[in-house]
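An overview of the molecular structure
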Amino acid sequence: MGPLIVDASPSHTLADILSNSLVLRQTTPYLPVASIYALAATSKALHHIVNHAPDVFRYLDLSTVQSAIVPYEPLDSGGISWRAERMDEALTEDEWYSGPLLGIFSKLQRRHVLQNVQTLVLDGLSVPADLVREIIGEDRFNVRILSIRETQHLNERKLLQLLRYAVRPSRPAGTPRVKGIYFFGKREQPPLLVEHAPKKKNSRSSSPKGVMSSQGAQIGAEWNHKSSEALSTALARTTDKWYQCSGRMMPKRLSLEWAETLKACEGIIAFDAVLCRGPRHDPGRAFVSNSDSEGSGLPHPASYLSPAIATVALGPHGCEQCQSCPEDPAVFGQSPASQLPLLSPIPLHSSSLRAAQMPHTLDGSASPPLFVRCEDCLKGRWCERCHKWWDEDCYTVSTIAQRTELQQTEYMENAPLDGAAPSKQSIKVHMGLCVNNCLVGEMMAGAGSNGMWG
Ligand SMILES: [Zn+2]
Ligand SMILES: [Zn+2]
Ligand SMILES: [Zn+2]
């Protein structure tokens, strides 16, 4: 009505706000691609911003975009134009599964925004290795942080090969542009799904029915879970799982070649996992001999181990006795980037490696140290329940600990309490539980039934 509101049409005001690049950078990562384009359609000014501001597509999450999903029926041509266009061509399997994403990429390229994408999230989508090769290798892409967690139709062997190729010593200067790849961890669930997903969707619910049947028990268990999460967050002073006593971090078993590939990529591409730096992986520190120790037919407990991915997060406190470890923990800001895992969630507002690796302390204090190891380096020295562990300097795991669990138990039962053989007291971890605390608890609980010594 009055002259005062003439200039206050909503789209105008919004365009003014969004044309501030800082505001734009903070806002757009929260918007699905569809919403960004819907916004662009509302006014000329916004259309201009969306198509010309480099920040709008710096962070691009396609994991929730419907058109990025490969339809189940390979021959259902209804409405799938990219398929219809190529109906007469003989498509390879990789081409078929790359189709939807290639279609999106060429659209973005035509609009001259593909070059602006620096963080690309393809979690859960159909991402054949050939597509990863294009994203990493082709000039039309400028991706620094790539996330391909829980993807489908991704041939791991091909992926390993192309990564090795991308970091080959004879590669062109300035390549590869990708600095970090999320592959090993679980994808983040959109907040809505976490809150409303039925509990039985959780893959861990393989426990027998009945035990947790009552709603009260479930709520109780949920509270336990939540409070133990809160506790480990508080203890580690950070919400980042790699820096907490999280235990096993990898949802799936990895092929051994991954460790070699991570080693080849060291200093070039970082991952959401790091190599174990336990002393047994260091040929200079490991026990190297061809003869068996103690004539037991078992390898020496300190013998050399080939490169392995650290799959266990041990928390910020180090060895139970010396609060450190022989390889020294990695520390953000001090250690080489290759010793630090990319952290989840993926940063929305920066595509730098630094942002992806920086732990977020609750009180803003200095980053906690990172203690991570492979399971071989923790055999017989890590309690899987309370996560206490003892390093090589403070505790020598005898060959006894390498025997099978049955052999171990027999040995423990027959061992004299003192004498030449190690006594019960000298063994710190037995069957994955610390002897002084968790194993005793287990025995008490099992007493009378079929407990170990019951
Ligand atoms: Zn120690
Ligand atoms: Zn190791
Ligand atoms: Zn324990």
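For the structure itself, consult the block above.
This text gives an overview of the structure that appears in the document. (Residues numbered from 1 in each chain as written. Chains lettered and ligands numbered in written order. Predicted model: local features only at pLDDT ≥ 70, side-chain atom pairs only at ≥ 80, totals over all residues. Heavy atoms only, no water.)

Let's shift gears to the overall build of the chain. Within the chain, the regular secondary structure consists of 14 helices and ten strands. When each of the 454 residues of the chain is scored for burial, the buried share is 41%. Sequence separation of at least 24 residues holds for 75% of the intrachain contacts in the chain that already meet a minimum separation of 6. A total of about 25200 Å² of accessible surface is found on the chain, and carbon and sulfur atoms cover 54% of it. (Helix = DSSP H or I, 4+ residues; strand = E, 2+ residues; numbered from the N terminus. Buried < 20%, exposed > 50% of the residue type's maximum accessible area, 1.4 Å probe, protein only. Contact = heavy atoms within 4.5 Å. Areas by Shrake-Rupley, 256 points an atom, 1.4 Å probe, with all protein chains shown as cover.)

On to the sheet that holds strand S1 (residues 59-61). Strand pairs in the sheet, formed through backbone hydrogen bonds, run parallel or antiparallel to each other. As summarised here, the arrangement of the five strands in space is S1-S2-S3-S4-S6, forming an open sheet in which the pairing is parallel. Of all the strands in the sheet, just S1 and strand S6 (270-271) have a single pairing partner and so form its edges. (Pairing = 2+ DSSP bridges.)

What follows concerns the nonpolar core. Core analysis: the biggest nonpolar cluster contains 76 residues, and Leu62, Leu122 and Trp258 have the highest contact counts within it. Listed by contribution, the elements that provide at least two residues to this core are helix H1 (10-18), helix H3 (33-40), helix H4 (44-52), helix H6 (93-110), helix H7 (129-137), helix H8 (156-166) and helix H11 (257-264). Excluding residues within four positions of it along the chain, Trp258 makes contact with Glu156, Leu159, Leu160, Leu163, Phe183, Phe184, Phe271 and Ile309. Ranked by size, the runner-up nonpolar core spans eleven residues in total, among them Trp390, Tyr395, Val397 and Val429. (Core = buried A, V, L, I, M, F, W, Y, C linked by side-chain atoms within 4.5 Å.)

Quick look at the sheet that holds strand S5 (residues 247-248) now. Taken in spatial order, the three strands line up as S5-S7-S8 in an open sheet, and their pairing is antiparallel. With partners counted over all chains shown, the strands left at the sheet margins are S5 and strand S8 (372-373), one partner each. Where S5 and strand S7 (residues 312-313) come together, two bridges link them in antiparallel fashion. For Arg248, the partnering residue across the bridge sits in S7 and is Val312.

On to the side chain of Glu327. Summarising the element assignment, Glu327 is placed in the loop between S7 and helix H12 (353-357). Every residue in contact with Glu327, bar those within four places of it in the chain, is listed here: Arg277, Gly278, Pro279, Arg285, Val372 and Arg373.

All right, on to the pattern of salt bridges then. This model, assessed by the stated rule, comprises twelve salt bridges. The residue Glu257 makes a salt bridge to Arg157 at a minimum N-O spacing of 3.2 Å. Taken as a pair, Glu257 in helix H11 and Arg157 in helix H8 lie far apart in primary sequence, 100 residues in all. With relative accessibility at 33%, the residue Glu257 sits in the partly exposed group. Overall, the relative accessible area of 53% leaves Arg157 in the exposed class. In this structure, Arg248 engages Glu375 in a salt bridge whose closest nitrogen and oxygen atoms are separated by 2.5 Å. Remark: Glu375 occurs in the loop between S8 and helix H13 (405-414) and Arg248 occurs in strand S5; sequence separation between them is 127 residues. Judged by its relative accessible area of 43%, Arg248 is partly exposed. Residue Glu375 is classed as partly exposed on the basis of its relative accessible area, which comes to 35%. Connected via shared salt-bridge partners are Asp123, Arg149 and Glu188. (Salt bridge = Lys/Arg side-chain N within 4 Å of Asp/Glu carboxyl O.)

Moving on, we get to the coordination of the zinc ion (ligand 1). Four donors placed tetrahedrally about a metal ideally form angles of 109.5 degrees, and six donors placed octahedrally ideally form angles of 90 or 180 degrees. Looking at the metal site, the zinc ion (ligand 1) is ligated by Cys319 (SG), Cys322 (SG), Asp391 (OD), Asp391 (OD) and Cys394 (SG), spaced 2.2 to 2.7 Å from it. The sequence motif formed by the donor residues of the zinc ion (ligand 1) is C-x2-C-x68-D-x2-C. Its relative accessible area of 22% is what places Cys394 among the partly exposed residues. (Donors = N, O, S within 2.8 Å, 3.2 Å for Na, K, Ca; no water.)

Moving on: the packing of aromatic side chains. Tallying each qualifying case throughout the model produces eight aromatic pairs. Lying over the aromatic face of Tyr395, Lys428 brings its terminal NZ or CZ to 5.9 Å of the ring centre. (Phe/Tyr/Trp six-rings, centres within 6.5 Å; stacked < 30°, edge-to-face > 60°. Lys NZ or Arg CZ within 6 Å of the ring centre and 35° of its normal.)

Another point: H6. Taking 1.5 Å as the rise per residue, H6 with 18 residues should run 26 Å; its terminal C-alpha atoms sit 25 Å apart, in good agreement. In the structure, H6 departs most strongly from a straight axis at Gly99, where the bend amounts to approximately 55 degrees and where the proline Pro100 lies between one and four residues downstream. Positive phi shows up at His112, right after H6, with a value of about 60 degrees. (Expected span 1.5 Å × (residues − 1). Bend = angle between axes of the 7 residues up to and from the residue.)

Surrounding the zinc ion (ligand 2) are the protein donor atoms Cys276 (SG), His281 (NE2), Cys374 (SG) and Cys377 (SG), which sit 2.0 to 2.3 Å from the metal. Here the zinc ion (ligand 2) is ringed by four donor atoms whose angles at the metal span 102 to 118 degrees, and the overall shape comes out tetrahedral. Considered as a linear motif, the donors of the zinc ion (ligand 2) on their single chain read C-x4-H-x92-C-x2-C. In this pair, His281 is assigned in the loop between S6 and S7 and Cys374 in the loop between S8 and H13, connecting sequence segments 93 residues apart. For His281, a relative accessible area of 12% puts it in the buried group. (Tetrahedral: all angles 85-135°; square planar, octahedral: opposite > 155°, others 65-115°.)

Here we take up the environment of Arg280. Along the chain, Arg280 falls in the loop between S6 and S7. The spacing of Arg280 and Ser303 is 23 residues in sequence and 6.3 Å in space, taken between C-alpha atoms. In this view, Arg280 contacts Ala286, His300, Pro301, Ala302, Ser303, Tyr304, Leu305 and Asp376; residues no more than four positions away in its chain are not counted. Looking at Arg280, its side chain comes within polar contact range of the main-chain oxygen of Ser303, at 2.7 Å. (Polar contact = N/O pair within 3.5 Å; in protein donor to acceptor, adjacent residues only side chain to side chain.)

Inspection of the secondary structure assignment puts Leu120 in strand S2 (residues 119-121). Taking the relative accessible area as the measure of exposure, Leu120 reaches 1% and is therefore buried. When near neighbours in sequence (up to four residues on either side) are disregarded, Leu120 contacts Leu60, Leu62, Phe105, Ile135, Val143, Ile145, Leu146 and Ser147.

Following both chains from N to C, one finds H7 and H8 inclined at 20 degrees, their axes separated by 9 Å at the closest point. Here H7 is positioned roughly parallel relative to H8, judged by the angle of their axes. Note on packing geometry: the crossing formed by H7 with H8 is right-handed. Mapping the contact onto sequence places Ala129, Asp130, Val132, Arg133 and Ile136 in H7 and Lys158, Leu159, Leu162, Leu163 and Ala166 in H8. Here the residues of the contact of H7 with H8 are counted per class, giving seven nonpolar, no polar and three charged. (Axes fitted to C-alpha atoms, helices over the stretch in contact; angles between N-to-C directions. Parallel < 35°, antiparallel > 145°, perpendicular 65-115°, else oblique. Left-handed = near helix turned anticlockwise from the far one by under 90°. Nonpolar A, V, L, I, M, F, W, Y, C, P; charged D, E, K, R; others polar.)

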